[in-house]
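So you can see what is in the structure, the chains are spelled out below.
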Amino acid sequence: MKKALSIALVLVFAVSFAAYTGSKEEEKDSTNPPITENNSETNTEKETKNTETHKILVAYFSATNTTERVAQDIADSLNCDIFEIVPQNPYTDDDLNYHNSNSRTSIEMNDESARPAIASSVENIEQYDTIFIGYPIWWNDAPRIINTFLESYNFADKTIIPFCTSGGSGINASVSNLKNAFSNSKWENGKGFNGSSSKEEIAEWANSFNLK
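Residues numbered from 1 in each chain as written. Predicted model: local features only at pLDDT ≥ 70, side-chain atom pairs only at ≥ 80, totals over all residues. Heavy atoms only, no water.

### Observations regarding the packing of helix α3 (residues 66-78) against helix α7 (residues 199-207)
So, step 1. α7 packs onto α3 with a crossing angle of 55° between their chain directions and a minimal axis gap of 9 Å. By the angle between their axes, α3 is oblique relative to α7. Here α3 and α7 pass one another in a crossing that is right-handed. Taking contact as the criterion, the partners of R69, V70, D73, I74, D76, S77 and L78 in α3 are, on α7, K199, I202, A203, W205, A206 and N207.
So, step 2. Of the residues belonging to the contact of α3 with α7, the class tally is seven nonpolar, two polar and four charged. (Axes fitted to C-alpha atoms, helices over the stretch in contact; angles between N-to-C directions. Helix = DSSP H or I, 4+ residues; strand = E, 2+ residues; numbered from the N terminus. Parallel < 35°, antiparallel > 145°, perpendicular 65-115°, else oblique. Left-handed = near helix turned anticlockwise from the far one by under 90°. Contact = heavy atoms within 4.5 Å. Nonpolar A, V, L, I, M, F, W, Y, C, P; charged D, E, K, R; others polar.)

Okay, structure coming up:
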């Protein structure tokens, strides 16, 4: 009788111990996920950190606000930074009179070495890898202040996307001249707009480069 009672007690103790051990193992599993899961999360975090995104700047010079509107539409469509190239000495209506061979712009455009000063600069321009550059067409070319801007920074290995505004002249001649002067950059095909270009047309062109 005593022997049977002892065996029963041993069995009860063994069952209780097994239940207790199982409970502790479940508790341990719930607070300590498998190592493989932790590794998976770590890899995902690394992939997120290593994902590169395009940093875009729209830089523009606008004498009569026409180019400014196009530049703003591009920046809005790409949700990117924008910078106005402001001349240190602003252009007056008389300066812009291309009928007068003695006007300021006539003199500048007849002098390939002219470099009008810019009032401010872009901070941390090295962070941008793609730069839209906009300008009006003057004498079938980009205003000399665009040369001033491009010579003010190191654009080596950066992608430059030109755009212009004009009442009739195209962008090709100006882009060809800029490419020759700044050949260390990657130049995309430019686009010409006018005062009647719609926001949708401008956005469609800006998004065609798949920069987002």
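That covers the picture; the talk isn't over yet.
### So, α7
In an α-helix, one turn spans 3.6 residues, which is why side chains three or four residues apart end up on the same side.
So, step 1. For α7, every residue scored as buried is listed here: I202, A203, W205 and A206. Within α7, the buried residues cover an arc of 160° as seen down the axis, which keeps them to one side. More than 90 degrees from the buried face of α7, the exposed residues found are E200 and E204.
So, step 2. Buried-residue contacts for α7 involve α3, β3 (130-136), β4 (159-165) and β6 (191-193). (Buried < 20%, exposed > 50% of the residue type's maximum accessible area, 1.4 Å probe, protein only. Arc of directions from axis to C-beta.)

### Focus on the packing of aromatic side chains
So, step 1. Within the structure shown, the criterion is met by 13 aromatic pairs.
So, step 2. Centroid distance F149 to F155: 5.8 Å. Interplanar angle 40°. Geometry classified as tilted. Across the pair, exposure class does not vary: F149 and F155 are buried alike.
So, step 3. Measuring from ring centre to ring centre gives 5.6 Å for F193 and W205, while their planes differ by 70°; the resulting arrangement is edge-to-face. Taken together, the residues span a long stretch of sequence, with F193 in strand β6 and W205 in helix α7 at a distance of twelve residues.
So, step 4. Owing to a relative accessible area of 3%, F193 belongs among the buried residues under this scheme. (Phe/Tyr/Trp six-rings, centres within 6.5 Å; stacked < 30°, edge-to-face > 60°.)

### What about the pairing of strand β2 (residues 81-84)?
So, step 1. Where strand β1 (residues 56-60) and β2 come together, four bridges link them in parallel fashion. Bridge pairing in β2 links L57 to D81.
So, step 2. Crossover β1 to β2 through α3 is right-handed. (Pairing = 2+ DSSP bridges. Right-handed = clockwise from strand over helix to strand, strands pointing away.)

### Describing the nonpolar core
So, step 1. Grouped together as the largest cluster of nonpolar side chains are 31 residues, with contacts concentrated most on I85, Y135, I146, F149 and L150.
So, step 2. Listed by contribution, the elements that provide at least two residues to this core are β1, β3, α5 (144-151), β4 and α6 (172-181).
So, step 3. By residue number, the principal contributor to this core is α5, which donates four residues.
So, step 4. Core analysis: the next-biggest nonpolar cluster, separate from the first, contains 17 residues, I202, W205, A206 and L211 among them. (Core = buried A, V, L, I, M, F, W, Y, C linked by side-chain atoms within 4.5 Å.)

### Remarks on the pattern of salt bridges
So, step 1. For the structure shown, the criterion picks out nine salt bridges.
So, step 2. Its salt-bridge partner being R144, residue D141 comes within 3.7 Å of it at the nearest N-O pair.
So, step 3. Classification of D141 by relative accessible area gives buried; the value is 13%.
So, step 4. When its relative accessible area of 8% is taken as the criterion, R144 is described as buried.
So, step 5. What you see here is one network of salt bridges that share partners, running through R69, D73, D76 and K199. (Salt bridge = Lys/Arg side-chain N within 4 Å of Asp/Glu carboxyl O.)

### Observations concerning α5
So, step 1. α5 sits mainly inside the fold: seven of its eight residues count as buried.
So, step 2. Within the span of α5, buried status applies to R144, I145, I146, N147, T148, F149 and L150.

### What to know about the confidence of the model for the protein
So, step 1. Here the protein averages 83 in pLDDT, while 75% of its residues score no lower than 70.
So, step 2. Throughout residues 1-51 the model reports pLDDT below 50, and contacts reaching past four residues in sequence, or to other chains, amount to one contact. (pLDDT = per-residue confidence, 0-100.)

### A few points about the environment of S196
So, step 1. Structurally, the position occupied by S196 is in the loop between β6 and α7.
So, step 2. The sequence separation of S196 and T66 amounts to 130 residues, and the corresponding C-alpha distance is 9.6 Å.
So, step 3. Engagement of the side chain of S196 in a polar contact is seen with the side chain of N194, the distance being 2.7 Å. (Polar contact = N/O pair within 3.5 Å; in protein donor to acceptor, adjacent residues only side chain to side chain.)

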